[in-house]
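Summary of the model geometry
For reference, the chains in residue letters:
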Amino acid sequence: VTLTPKEKPITVMPGQFAYVTYTSNSVKSEEHPFSVASSKPDGTLRFISKKLGDFTNTLPNLQIGDTAMIEGPYGSFSFSRGSTTQCWIAGGIGITPFLAFAEALPYTHNATLVYAIRNDQENAVASDLERLKNTKSNLNVIIWNSEKQGYLTAKDALNGFDPSNVDIFLCGPGGMVTAMRKQLFTLGIPH
């Protein structure tokens, strides 16, 4: 969903989220948090969501011209808090903040994005990742297909990295994040 401001735009840092309330007859008028996948200087915001319940299942009903209210941005999940060598681990819809990271990645930084998906059909951002791979020479993109390769492990994600010389950012489903954190701690990665 792409939203263009009608009033004063908000300034969003890569990795932040906002509360969105659609004022449309086609979706429920409920406030929901969504990570900002990208923002433009004119204030245009792009959100990506996954059908996970009653509300998100109605989002395909939105029509061009429908309006929304935005509250935020919130959050401090930011690649700028890390060193110049980073590993970004995403699972499922947890890819969203990393899209914003990649758009803003300065050439002083090098990042590897490891994106774990269940199967190729789950990769709703394949064209975004392909474009970023082709335009950001300092970004390495690895798609991890769990049906073909098994579950992603911390050891797999950090393949080729010196664990003492990389900052790791993680976003994904709760089960994946819990398992990955446990594995990262086992590898000696500090919180």
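It should be noted that the structure appears before, not after, this text.
This write-up is about the structure you can find in this document. (Residues numbered from 1 in each chain as written. Predicted model: local features only at pLDDT ≥ 70, side-chain atom pairs only at ≥ 80, totals over all residues. Heavy atoms only, no water.)

Take the overall build of the protein next. When you go through the protein residue by residue, the secondary structure sums to five helices and nine strands. If you list the helices and strands of the protein from N to C, you get β-β-β-β-β-β-α-β-α-β-α-α-β-α. For a compact globule of 191 residues, the expected C-alpha radius of gyration is about 16 Å, and the protein comes in at 17 Å, within 12% of that figure. Its C-alpha atoms give the protein principal-axis dimensions of about 50 × 35 × 30 Å. Across the 191 residues that make up the protein, the buried fraction comes to 42%. Look at the contacts in the protein between residues 6 or more apart in sequence, and 72% of them connect residues 24 or more apart. (Helix = DSSP H or I, 4+ residues; strand = E, 2+ residues; numbered from the N terminus. Rg over C-alpha atoms; globule rule 2.2 N^0.38 Å. Buried < 20%, exposed > 50% of the residue type's maximum accessible area, 1.4 Å probe, protein only. Contact = heavy atoms within 4.5 Å.)

With that settled, consider the sheet that holds strand β3 (residues 31-39). In a beta sheet, neighbouring strands are held together by backbone hydrogen bonds and run either parallel or antiparallel to one another. Strand order in the open sheet formed by five strands is β1-β4-β3-β2-β5, with antiparallel pairing between adjacent strands. The open sheet terminates on both sides in strands that have one partner only, identified here as β1 (2-3) and β5 (68-74). Two strands pair when backbone bridges link them, and strand β2 (residues 17-22) and β5 are joined in this way by five bridges, in the antiparallel orientation. In the strand pairing of β5, Y19 is matched with E71. (Pairing = 2+ DSSP bridges.)

Once that is clear, we can look at the packing of aromatic side chains. Going through the model one piece at a time under the given rule, you end up with 15 aromatic pairs. Ring geometry for F77 and F98: centres 5.8 Å apart, planes at 70°, overall edge-to-face. Within this pair, whereas F77 is found in the loop between β5 and β6 (85-91), its partner F98 is found in helix α1 (residues 96-104), the two being separated by 21 residues in sequence. The class for F98 is buried, based on a relative accessible area of 0%. (Phe/Tyr/Trp six-rings, centres within 6.5 Å; stacked < 30°, edge-to-face > 60°.)

Here we come to the nonpolar core. Counting 21 residues, the largest nonpolar core has W88, I95, F98, L99, L113, L129 and L139 as its most contacted members. Counting 17 residues, the second largest nonpolar core, distinct from the first, contains V114, A154, M176 and M180. (Core = buried A, V, L, I, M, F, W, Y, C linked by side-chain atoms within 4.5 Å.)

Further remarks concern the pairing of β6. In terms of burial, β6 is largely enclosed, as six of its seven residues are buried. Sheet topology places β6 next to strand β7 (residues 110-117); seven bridges connect them, and they run parallel. Among the inter-strand pairings, A90 is bridged to a residue of β7, identified as Y115. Relative to strand β9 (residues 167-171), β6 runs parallel, the two being bridged by five bridges.

Function cannot be read off these values alone, since they describe shape.
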